[in-house]
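# Structural overview for review
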Amino acid sequence: MATGYGRIARDGLWDNNGVLAMLLGMCPTMAMTTSATNGFGMGLATAVVMTASGGLVATFRGYITQEVRIPVYILIVASMVTLVDLTMNAYMHDLYKVLGLFIPLIVSNCLPLARLESFASKEPVMRSLADGFFMGLGFTLALTAIGAVREIVGAGTLFADASLLLGPAFKFLELRIMPENMGVLMMILPPGGFLVTGLLVVGKRMIDVASGKSIQMAGAHAV
Amino acid sequence: MNQSSIYHGLILGAFCLGFGLVLALTNALTVNDIAARTMEDRQNSLAAVIPDSIHDNNPVTDTVTLKDRDGEDLTVYRAKKGNEVTGVAYEISGIGYAGQIKLMLGVGADGRVLGVRALAHKETPGLGDKIEIKKGDWITRFTGLRIGNPPIEKWKVKKDGGQFDQFSGATITPRGVVGAIREGLVFFDKHKEQMTQPNTPQTDNEVR
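Note that the coordinates shown come from a computational prediction; the quantities given were computed from them, not determined experimentally.

### A short note on the overall build of chain B
When you go through chain B residue by residue, the secondary structure sums to 2 helices and 5 strands. Each helix and strand of chain B, ordered N terminal to C terminal, gives the series α-β-β-β-β-β-α. The globule rule puts the C-alpha radius of gyration for 208 residues at 17 Å, and the 22 Å found for chain B is more than 25% above it. Across the 208 residues that make up chain B, the buried fraction comes to 39%. Surface accessibility of chain B: about 11,100 Å² in total, with carbon and sulfur atoms responsible for 52%.

This is the structure in C-alpha cells:
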C-alpha cells in the first residue's frame, strides 16, 4: 500500500510538517534561525541529506534486518552528512563558513531518522526519495519562516547575506525593513527562537482549525 | 552466539564497509580542495593584519612555532622583505562576555600594531560583535600603537582607567580585546629575537 505523491507532498509541506506539526529537529531549528538566510541554508542541507538517505534506505530495505535497522539508519544519515560536509567545505566554502558548524548537527536531528523508520523502511524507492525531498522542503520552509520573523523583529533586515548563500544574482533579496538599532535583540538570542517557533506552531494550528481539518497530535506520526 | 546474530552482525558490517569506502573516496577527492580553501582563509585573515607593502614572501608558509604563556604551541606567521623580518602575526585570545574571543594580531618589527582582526567569538549580536570589522571600525583604532604609546598601564578600557573607549552597553567585550592585544604585544617584546631572526630553523608549514 504505497502513499500517493500528492499525499507525500501535502504531508511534508504542511499537514505533517516536521517542525510545525511534529516538532522534530528542534536543535537546528533553534540554533540556525537567527536569520532567514541561515534557516534556508540549514534547511537545504537537511533536505539533501533526507532525500539521499530516504532513497538509500528504501533501496536496501530488503537487506536491513529489523534487529540492526537503527544502527544502519544512523550510519546512512551520518555518511550522507559527512558527504555534504566535505563537499560543501571544498566547493561552497563561503556557505560552509556560515553553516559549517551546524552541518554535523543534522546527524542528531531526529527528523531524518523518524522519516526513515516510519516511511522509507516501508515504501518504494521513488516515493521515499519524494518523502525525503518534501519533508526536507517543509523543514526548509519552516526554518526560513522562523528565521525571517526573528530577523525582521530582531535586526530589522530580511535575507541579509543571501548573496553569500545563493550568489550575487540574489542581492535584491537583501532588504532592510527597519532602521538599524531598532531591533528587539532578544529575538535573535535563544529565547526568540522558542517564542517565534511556538507562535508559528500556534498559527499553523489556527489555520488548520479554521479550515476545518482535524488536529493531529504532535509526534503521533513519529517513530 | 547463535547463527542469526552473526547474520545481523555481518549485515551491519557490510553496510559499515560500504559506506566507509564511499567516505574514504569522497575524502580523497576533496582533500586537496579543502586544504586550498583553508590556506586561502588563512591568507585572507593574515592579509588584513599585515599590509602587502611590507613583504614579498608568503607569510602563511613562513612560520616559526613558539610556546605561549600556557606552554601551548603558537604558530607565528612572518612577513619578510628580502631576508629581513618586517612583521609577524599570530593568534591571540581574550575572555569576553560569552567565552573566548580569538583575534589575529599583526605586529611590525618595531613593535607597533599593524592590525588586529576578530577571528571567532560568541559575543552578543548587536552589542559585543562591534569588534568585527564588518560591524564597525572600533578594532582599527589599535593600528600604529605599541607598548609605550600609550604606556602599558593605559592599555585598558576607560572604565578601568585606560585610554580605550568601550562601546555603549558593552564593557566586558572591549576589555577582553584590549587585554588580549596588550598581552600579545608584551609577548612580542619578550620573544622579539626568536620571532624576527631571519634564519630560525623553519618549521614545515602544514595546513590543516
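### Section: the interface of chain B and chain A
Residue-level contacts link 21 residues of chain B with 25 residues of chain A. For the pairing of chain B and chain A, the buried interface totals around 2,000 Å² over both sides, and the portion due to carbon and sulfur atoms is 78%. In this structure, the connection of chain B to chain A is made through 0 salt bridges. The interface formed by chain B and chain A holds 5 residue pairs in polar contact (both at pLDDT 80 or more) in total. Split by residue class, the side of chain B that touches chain A holds 12 nonpolar, 6 polar and 3 charged.

### Describing the sheet that holds strand E3 (residues 84–96) of chain B
Residues and elements named next belong to chain B. Judged by pairing direction, the sheet is antiparallel, and its 5 strands sit side by side in the order E1-E2-E3-E4-E5 without closing on themselves. With one partner strand each, in any of the chains shown, strand E1 (63–67) and strand E5 (113–120) form the two edges of the open sheet. Each neighbouring strand pair of the sheet contributes to a mean axis angle of 30 degrees, computed without reference to strand direction. The sheet contact formed by strand E4 (residues 99–108) and E5 spans 6 bridges and is antiparallel. Counterpart to leucine 103 in the pairing with E5 is alanine 118. Contacting strand E2 (73–81), E3, E4 and E5, helix H1 (residues 3–49) runs over the sheet at an angle of about 145 degrees to E5. Along the sheet, helix H2 (residues 172–196) contacts E1, E2, E3, E4 and E5; its crossing angle with E3, the most-contacted strand, is approximately 145 degrees.

### Thoughts on the packing of aromatic side chains
What describes a pair of aromatic rings is the distance from one ring centre to the other and the angle between the planes of the rings. Residue and element names in this part refer to chain B. Tallying each qualifying case throughout the model produces 9 aromatic pairs over all chains. Consider the rings of tryptophan 155 and phenylalanine 164, whose centres lie 5.1 Å apart with planes at 45 degrees: the pair is tilted. We note that tryptophan 155, like phenylalanine 164, is buried. Aromatic ring contacts, followed pair by pair, group Trp138, Phe142, Trp155, Phe164 and Phe167 into a single cluster.

### Thoughts on the confidence of the model for chain B
Residues and elements named next belong to chain B. Summing up the model confidence of chain B, the mean pLDDT is 87 and the portion of residues at 70 or higher is 94%. Here E1 stands out as the least confident element of chain B, with mean pLDDT 85; E4 is the most confident, with 92. With pTM at 0.77, the complex prediction returns an ipTM value of 0.79.

### Some thoughts on the confidence of the model for chain A
All names here are of chain A. The predicted model of chain A has a mean per-residue pLDDT of 86, with 93% of residues at 70 or higher. Looking across chain A, the model is least confident in helix H9 (residues 162–166), with a mean pLDDT of 75, and most confident in helix H8 (residues 125–155), with 93. In this model, residues 217–223 is a region of pLDDT below 50 whose contacts with residues beyond four sequence positions or in other chains number 13 contacts.

### Here's the deal with unusual backbone geometry
With omega at 0 degrees, the peptide bond leading from B:Asn149 into B:Pro150 counts as cis. The backbone phi angle of A:Leu23 is positive, close to 55 degrees, even though this residue is not glycine. Relative to the helices and strands, A:Leu23 resides in the loop between helix H1 (5–15) and helix H2 (26–32). By relative accessible area, which is 36% here, A:Leu23 ends up partly exposed. Of note in this structure, A:Phe159 is not a glycine but carries a positive phi near 60 degrees. Summarising the element assignment, A:Phe159 is placed in the loop between strand E1 (157–158) and H9.

### A short note on the environment of B:Leu145
Residues and elements named next belong to chain B. Inspection of the secondary structure assignment puts leucine 145 in the loop between E5 and H2. Residue classification places leucine 145 among the buried positions, given a relative accessible area of 15%. Filtering out sequence-adjacent residues up to four positions away, leucine 145 remains in contact with Gly111, Arg112, Val113, Pro150, Trp155, Gln163 and Phe164.

### A word on the packing of helix H4 (residues 69–91) of chain A against H1(B)
Running from N to C, H4(A) and H1(B) point in directions that differ by 10 degrees, and their axes come no closer than 8 Å. Between H4(A) and H1(B), the interaxial angle falls into the category roughly parallel. A class-by-class count of the residues in the contact of H4(A) with H1(B) yields 17 nonpolar, 7 polar and 2 charged.

### Remarks on the pattern of salt bridges
All names here are of chain B. One pass over the full model with this rule turns up 15 salt bridges over all chains. A salt bridge links arginine 78 to aspartate 62; the shortest N-O distance between them is 3.6 Å. Here the residue arginine 78 occupies a position in strand E2, and aspartate 62 occupies one in the loop between H1 and E1, the gap between them amounting to 16 residues. This pair shows no difference in class: arginine 78 is buried, exactly as aspartate 62 is.

### Topic: H8(A)
For H8(A), built from 31 residues, the straight-helix expectation of 45 Å at 1.5 Å per residue is met to within 8% by its first-to-last C-alpha distance of 43 Å. One or two positions beyond H8(A), positive phi appears at A:Gly156, with a value near 80 degrees.

Rules of the game
- Residues numbered from 1 in each chain as written.
- Chains lettered and ligands numbered in written order.
- Predicted model: local features only at pLDDT ≥ 70, side-chain atom pairs only at ≥ 80, totals over all residues.
- Heavy atoms only, no water.
- Helix = DSSP H or I, 4+ residues; strand = E, 2+ residues; numbered from the N terminus.
- Rg over C-alpha atoms; globule rule 2.2 N^0.38 Å.
- Buried < 20%, exposed > 50% of the residue type's maximum accessible area, 1.4 Å probe, protein only.
- Areas by Shrake-Rupley, 256 points an atom, 1.4 Å probe, with all protein chains shown as cover.
- Contact = heavy atoms within 4.5 Å.
- Buried area = accessible area lost by both parts, 1.4 Å probe.
- Salt bridge = Lys/Arg side-chain N within 4 Å of Asp/Glu carboxyl O.
- Polar contact = N/O pair within 3.5 Å; in protein donor to acceptor, adjacent residues only side chain to side chain.
- Nonpolar A, V, L, I, M, F, W, Y, C, P; charged D, E, K, R; others polar.
- Pairing = 2+ DSSP bridges.
- Axes fitted to C-alpha atoms, helices over the stretch in contact; angles between N-to-C directions.
- Phe/Tyr/Trp six-rings, centres within 6.5 Å; stacked < 30°, edge-to-face > 60°.
- pLDDT = per-residue confidence, 0-100.
- Parallel < 35°, antiparallel > 145°, perpendicular 65-115°, else oblique.
- Expected span 1.5 Å × (residues − 1).

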